[in-house]
Amino acid sequence: MEKLLRFGKQLLRVKVVDCNTEDSHLSRCLNTFDLVALGVGSTLGAGVYVLAGAVARENSGPAIVLSFLIAALASVLAGLCYAEFGARVPKTGSAYLYSYVTVGELWAFITGWNLILSYIIGTSSVARAWSATFDELIGKRIEQFCRENMHMNAPGVLAEYPDVFAVVIIITLTGLLAFGVKESAMVNKIFTCINVLVLLFMVVSGLVKGTLKNWQIDPEEILQASNTSNSSLNITEILPTKESLGQGGFMPFGFTGVLSGAATCFYAFVGFDCIATTGEEVKNPQRAIPIGIVSSLLICFVAYFGVSAALTLMMPYYLLDSNSPLPVAFKYVGWGGAKYAVAVGSLCALSTSLLGAMFPMRVIWAMADDGLLFKVMANISPCTKIPLTATLTSGIGAAIMAFLFDLKDLVDLMSIGTLLAYTLVAACVLVLRYQPEQPSSMYQMANSQDEVELSDGISVPSMGILPGVEERFSFRTMFFPDSPEPSTLSGFTVNMCASLMGLLILVFSTLAVQGGSASWNVIALTVIFVVCLILTFVIWRQPESKTKLSFKVPLLPFIPVISMFVNVYLMMQLDRGTWMRFAFWMVLGFIIYFCYGIRHSAEAGGGHLPLDTEMDGFKCDDDSSTTPEKEAFLNNGIETRDEGDGEL
């Protein structure tokens, strides 16, 4: 039993970080504008050039602007949670580190392992898209050469031919990142600016050449006039069907189509989280990271909204091309030469997206530095202060996948890891905001009194109200807590409610996707929804932490709870094959963790537990020892709060 308890503590130990911004092994050279450019470049990638046409034609019609709005709101929820943690924990690691600091080592490893998968697949797929776009401009000569000389006959396993040019692209950008962060950030800013200028040209062109008639299409008129051909363009040989036209008007496929389109458009906003992984390379992370995340999401939404509106104004939604909508739309209005501007913008967008996908490979370095992955990946170049081994390893892995595999089946797998990270970050925000901070107060007392002895027997549970008075759990204290400050009991209550709510959200999403409209399913969904509302109300009644941060998620606990609902629901939309591949990847990760990481973890010596668990058994007496790292972290937290009070 004792061994089992010790093993459980190992899985739940948390990382204690020193938030001193001066103490970083990496080069602090990025400012707020660098982060905004990185976030916009990573998010505003290939999706704006491809996704808009497919969603407008198949799901939403002109109402794609509403789909992007809904998807943007869902992304902002996750972005706000990321922004608070960027202000709270300004260190490299993104959702991985946020989970490690709050919910424990096992969840942190699961999050980091899935982020690695997402970024490698993202890098490989964007490199293949870049290669295909460039190959299209030169008449598909690269594809013809590879098919003739390097054909791979393994259908269903490998791609039809290896993409050599994609490998060259990845190796080039890996070398750029290995050369230095400042240099790669400069290239990223140039490409992002070109991309934004091209998108502005597209929006203005759409407003000039477009017409509101394309938002007021009558299917009956189109079907009657289908025999007459358009004199300005012979764009398609396939006549429109009643199914492809829908009901016509602004929302031809109804609100269901708008929601379906929003589920697809949500993935067009994936990428902003790369900002959160640069915490140790930013000059003022507490301020720059929240501004960078929210600003980049806002810019991307405006760009998606403008391009999709221009596209559907220029050309009827049922004629849009699913693969390359913008060049076809310009050809439709008689501006065929504009396809070159589109090509330039597309290549710049894919280049910035590729840089953004490779930037978060700092997660590999962070996990290796913590001992959860092999230590050799934690080596930092003394010249450029870049995690050279981690960057090269991730680049080589992405290059191999781009060379060998057709990535159509892996795109959904990328989404599942990202959505899991979003969900865990939202849960961490929910839990951490309601945790007590008494250890900080005790360390402050000890330091201010030159390590004088504290009163024997004062335990953390009793300090939430008065010394010597223990809190007792009851239904009254759930809804009407005795203390205005967070206590161990209130923190434990939030933990239990959040855990139960996570389970209920999983059940709710599964039933909503798979259960259909049967009466028993509707009743079950209603009961689960009411219970979740009650749990949310209980959390809302608990006292919040008064810690001063440069950014806090507003409307707690509602925004994190809604974010968890949205993310889990979208995860349940993925097919069975994706979940099987996800299971295989997780098994591989667990083998690495339980055979290597759990024994070599940097926290193995301290064995810290999650905040509430650690404080349950915490006693301050004469021989209590404190690591220098923990003292620095706690003292810095106090200083940060004092500075925040001064600023506000």
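Residues numbered from 1 in each chain as written. Predicted model: local features only at pLDDT ≥ 70, side-chain atom pairs only at ≥ 80, totals over all residues. Heavy atoms only, no water.

A. Structural view of the overall build of the chain. Scanning the chain from N- to C-terminus turns up 27 helices and zero strands. For the chain, with 648 residues in total, the buried portion stands at 54%. Across the chain, contacts joining residues at least 24 apart in sequence account for 82% of those joining residues at least 6 apart. (Helix = DSSP H or I, 4+ residues; strand = E, 2+ residues; numbered from the N terminus. Buried < 20%, exposed > 50% of the residue type's maximum accessible area, 1.4 Å probe, protein only. Contact = heavy atoms within 4.5 Å.)

B. Region of the structure containing helix α24 (residues 558-572). With 15 residues, α24 extends 21 Å between its outermost C-alpha atoms, agreeing within 8% with the 21 Å of an ideal straight helix rising 1.5 Å per residue. Where burial is concerned, most of α24 is hidden: 11 out of the 15 residues are buried. (Expected span 1.5 Å × (residues − 1).)

C. Quick peek at a nonpolar patch on the surface. Together, F537, W540, L555, F558 and I562 line one region of the surface with nonpolar side chains, adding up to about 520 Å² of accessible area. Elements with a minimum of two residues in the nonpolar patch: α23 (519-541) and α24. Inspection of the secondary structure assignment puts I562 in helix α24. (Patch = residues over 30% accessible without salt bridge, like charges linked within 9 Å, V, L, I, M, F, W, Y side chains within 5 Å. Areas by Shrake-Rupley, 256 points an atom, 1.4 Å probe, with all protein chains shown as cover. Salt bridge = Lys/Arg side-chain N within 4 Å of Asp/Glu carboxyl O.)

D. Quick peek at the packing of helix α1 (residues 2-12) against helix α25 (residues 576-600). Axis separation between α1 and α25 bottoms out at 11 Å; the angle between their running directions is 85°. With respect to α25, the element α1 is oriented roughly perpendicular. For the pair α1 and α25, the contacting residues are F7, Q10 and L11 in the first and Y593, F594 and I598 in the second. Of the residues belonging to the contact of α1 with α25, the class tally is five nonpolar, one polar and no charged. (Axes fitted to C-alpha atoms, helices over the stretch in contact; angles between N-to-C directions. Parallel < 35°, antiparallel > 145°, perpendicular 65-115°, else oblique. Nonpolar A, V, L, I, M, F, W, Y, C, P; charged D, E, K, R; others polar.)

E. Fine view of the pattern of salt bridges. Scanning all chains against the criterion turns up three salt bridges. Residues R433 and E84 are paired through a salt bridge, measuring 2.7 Å at the closest nitrogen-oxygen approach. A residue pair is termed long-range when its members are at least 10 positions apart, and R433 in the loop between α18 (411-432) and α19 (438-448) and E84 in helix α4 (residues 64-88) qualify at 349 residues. Each member of the pair R433 and E84 is classed as buried. A salt bridge links E143 to R147; the nearest nitrogen and oxygen atoms lie 3.0 Å apart. Placement of the pair is E143 and R147 together in helix α7 (residues 141-149), with a separation of four residues, close to one helical turn. A single salt-bridge network, built from bridges that share partners, covers E84, R433 and E544.

F. The arrangement of the packing of aromatic side chains in detail. Tallied over the entire structure, the rule returns 20 aromatic pairs. Between Y317 and Y318, the aromatic rings sit 5.9 Å apart at their centres with planes inclined by 90°, giving edge-to-face as the arrangement. With relative accessibility at 0%, the residue Y317 sits in the buried group. Overall, the relative accessible area of 12% leaves Y318 in the buried class. Aromatic side chains F330 and W335 sit 6.5 Å apart centroid to centroid with 5° between the ring planes, which places their arrangement in the stacked category. Among the aromatic residues, those joined into a ring-pair cluster are F109, W113, W585, F590, Y593 and F594. (Phe/Tyr/Trp six-rings, centres within 6.5 Å; stacked < 30°, edge-to-face > 60°.)

G. Fine view of the nonpolar core. In this structure, Y49, Y82, Y96, F269 and L373 are the most contacted members of the largest nonpolar core, which totals 157 residues. Here this core gets 15 residues from one element, more than from any other, and that element is α18. (Core = buried A, V, L, I, M, F, W, Y, C linked by side-chain atoms within 4.5 Å.)

H. Representation of α23 within the structure. In this model α23 runs 33 Å from its N-terminal to its C-terminal C-alpha over 23 residues, within 8% of the 33 Å that 1.5 Å per residue would give. All buried positions along α23 are accounted for by N521, L525, I528, C532, L535, T536, V538 and I539.

I. A look at the environment of I142. Along the polypeptide, I142 turns up in helix α7. As a C-alpha pair, I142 and V164 span 22 residues in sequence and 8.5 Å in three-dimensional space. Those residues in contact with I142 that lie beyond four places of it in its chain are F134, D135 and F165.

J. Quick look at the confidence of the model for the chain. Looking at the chain, the pLDDT average stands at 75 and 77% of residues meet or exceed 70. When the elements of the chain are averaged for pLDDT, α19 gives the smallest value, 36, and α23 the largest, 94. This stretch, residues 229-237, has a pLDDT under 50; its non-local contacts, to residues over four places away or in other chains, come to nine contacts. (pLDDT = per-residue confidence, 0-100.)

K. The arrangement of the packing of helix α8 (residues 164-179) against helix α17 (residues 388-404) in detail. Between α8 and α17, whose axes approach to 8 Å, the crossing angle comes to 170°. Between α8 and α17, the angle is such that the two are roughly antiparallel. Counted together, V164, A166, V167, I170, T174, L177 and A178 of α8 and L388, T391, L392, G395, A398, A399, A402 and F403 of α17 form the full contact between these two elements. Among the residues making up the contact of α8 with α17, the classes are represented as 12 nonpolar, three polar and no charged.

L. Seen up close, the environment of L137. Mapped onto the fold, L137 is located in helix α6 (residues 105-137). Taking C-alpha positions, L137 is 10.0 Å from K339, a pair spaced 202 residues apart along the chain. Discounting residues that sit within four places of it in the chain, L137 has contacts with A343 and L347.

M. Broad picture of the side chain of S75. Tracing the backbone through its elements, the reader meets S75 in helix α4. Setting aside anything within four residues of it in sequence, one finds S75 in contact with F266, F269, F272 and L297.

N. Structural detail: unusual backbone geometry. A cis amide bond links L556 with the next residue in sequence, P557, at an omega value of 5°. Within the secondary structure layout, P557 lies in the loop between α23 and α24. In the Ramachandran plot, L555 falls in the positive-phi region, its phi being about 55° despite a non-glycine side chain. Looking at where L555 falls in the secondary structure, it is placed in the loop between α23 and α24. When its relative accessible area of 63% is taken as the criterion, L555 is described as exposed.

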